[in-house]
Amino acid sequence: MRRALSGSLSAAGAASPRPRLAHRRERLSLAPRLRPSLEQRPLVPPSAPSQRARGSRWHSGGAASAPQLTRREQDRLAARAFIVERGYTPEVAEGVVAALSAPGSGVSPGGLLDMVKMMGGRPEIGEDAGLDPLAKSVELELARQRGREVIHFTFVPPGGGDPIACEGLAGMSLKDVAEYGDGDGARVLAEFLECACSGVMACSTCQVYVHPRWSAKVGEPGDAEVDMLELAHEPRDSSRLGCQLKLAPELEGLQIEIPGGANNMFDDLTSHKVVVERT
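Residues numbered from 1 in each chain as written. Predicted model: local features only at pLDDT ≥ 70, side-chain atom pairs only at ≥ 80, totals over all residues. Heavy atoms only, no water.

Going by what an unreviewed UniProt entry lists, the protein chain is known as 2Fe-2S ferredoxin-type domain-containing protein and is assigned to Prorocentrum cordatum.

The structure is reproduced here in structure tokens:
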């Protein structure tokens, strides 16, 4: 991944604006030095016994009580349990904990639970302070390790110009590629593709135009997506929402275009429609 985790954690996942679009969420990725923590550490569910437990009286005789955990081990288990409670799989939770425990992460020993709670934000109001992007980075890293197929596509920036090459893993949406993808293409895409509602299909800011020759393979939008597209900036018959258009092997070579603006009703609660021009 591209960015150092320690720099992102210092702001607890705080957002920084993109140069061309306001209110962009900063993409939070695992630092390259943290990848070994996922590659070397076995990802086991919380219920699996540790190596120390397997060699203890707890497993050999069954009569003795479980061995006492150190404070650091208790902190690790509590942090992992907190992440699972937020809806992530045990495997992803273990990957997040492994990344935050790695040397150079900036998390002090015994501080994992406090860190993940801070990064978790306030879900009751839809606020995340960095846990979701980090969990997404872990998911993508695990997918890479398992050899998920890479899908290549191109996009034309607002106002025209030469197509820009980009890539993402099968199963990723265009929004995912913009926020968590690797490479120069993903970084450029992030400059133009905004998702004000964080991908819950409650806005139309991530609208893209699909090239006519790809419309049949991409498929038609569902009713809920159509409702949002009716509010989009200059929608076309080929319009799709970037948060709903997912990459698949049959979309290898996909061509899309980024509209010249976006109708964003999330930027100003006093206005019914805010037009963001992408220039």
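Don't stop here, the text continues.
**Things to note about helix α6 (residues 90–101)**
Which entries qualify depends on this criterion: Helix numbers and strand numbers start at the N terminus; a helix is a DSSP run of H or I with at least 4 residues, a strand a run of E with at least 2. Each helix should span, by expectation, one fewer than its residue count multiplied by 1.5 Å. Only protein chains enter the calculation, and the probe is 1.4 Å; a residue is then buried if its accessible area is under 20% of its type maximum, exposed if over 50%, and partly exposed in between.
The first and last C-alpha atoms of α6 sit 16 Å apart over 12 residues, in line with the 16 Å expected at 1.5 Å per residue. Counting buried residues in α6 gives nine out of 12 residues, a clear majority hidden from the surface. Buried within α6 we find V92, A93, E94, G95, V96, V97, A98, A99 and L100.

**Observations concerning the pairing of strand β5 (residues 254–257)**
This is how it is decided: Only when DSSP finds a minimum of two bridges between them are two strands counted as paired.
Side-chain alternation along β5 places L254 and I256 on a buried face and Q255 and E257 on a face that remains uncovered. Here four bridges tie strand β1 (residues 150–156) to β5, and the two strands are oriented parallel to one another. Its bridge partner being in β5, F153 is matched across the sheet by L254. Bridge count for strand β3 (residues 207–210) against β5 is two bridges, and the pairing is antiparallel. Among the inter-strand pairings, Y209 is bridged to a residue of β5, identified as E257.

**Remarks on the packing of helix α5 (residues 71–85) against α6**
To keep it simple, the criterion reads: Lines fitted to the C-alpha atoms define the axes, with helices restricted to the stretch that makes contact. Angles between their N-to-C directions range from 0 to 180 degrees. An angle counts as roughly parallel when it lies under 35 degrees, as roughly antiparallel when it exceeds 145, as roughly perpendicular when it falls between 65 and 115, and as oblique in every other case. Crossing handedness follows the turn of the near helix against the far one: under a right angle anticlockwise gives a left-handed crossing, and clockwise gives a right-handed one. Should any heavy atoms of two residues lie within 4.5 Å, those residues are counted as being in contact. Think of it as three bins: nonpolar holds Ala, Val, Leu, Ile, Met, Phe, Trp, Tyr, Cys and Pro, charged holds Asp, Glu, Lys and Arg, and polar takes everything else, Gly as well.
Following both chains from N to C, one finds α5 and α6 inclined at 135 degrees, their axes separated by 9 Å at the closest point. Classed by the angle they form, the pair α5 and α6 counts as oblique. Crossing geometry of α5 relative to α6 is assigned as right-handed. Of α6, the residues touching α5 (which contributes R76, A79, R80, I83 and V84) are P90, A93, E94, V96, V97, A98 and S101. Classifying every residue of the contact of α5 with α6 gives eight nonpolar, one polar and three charged.

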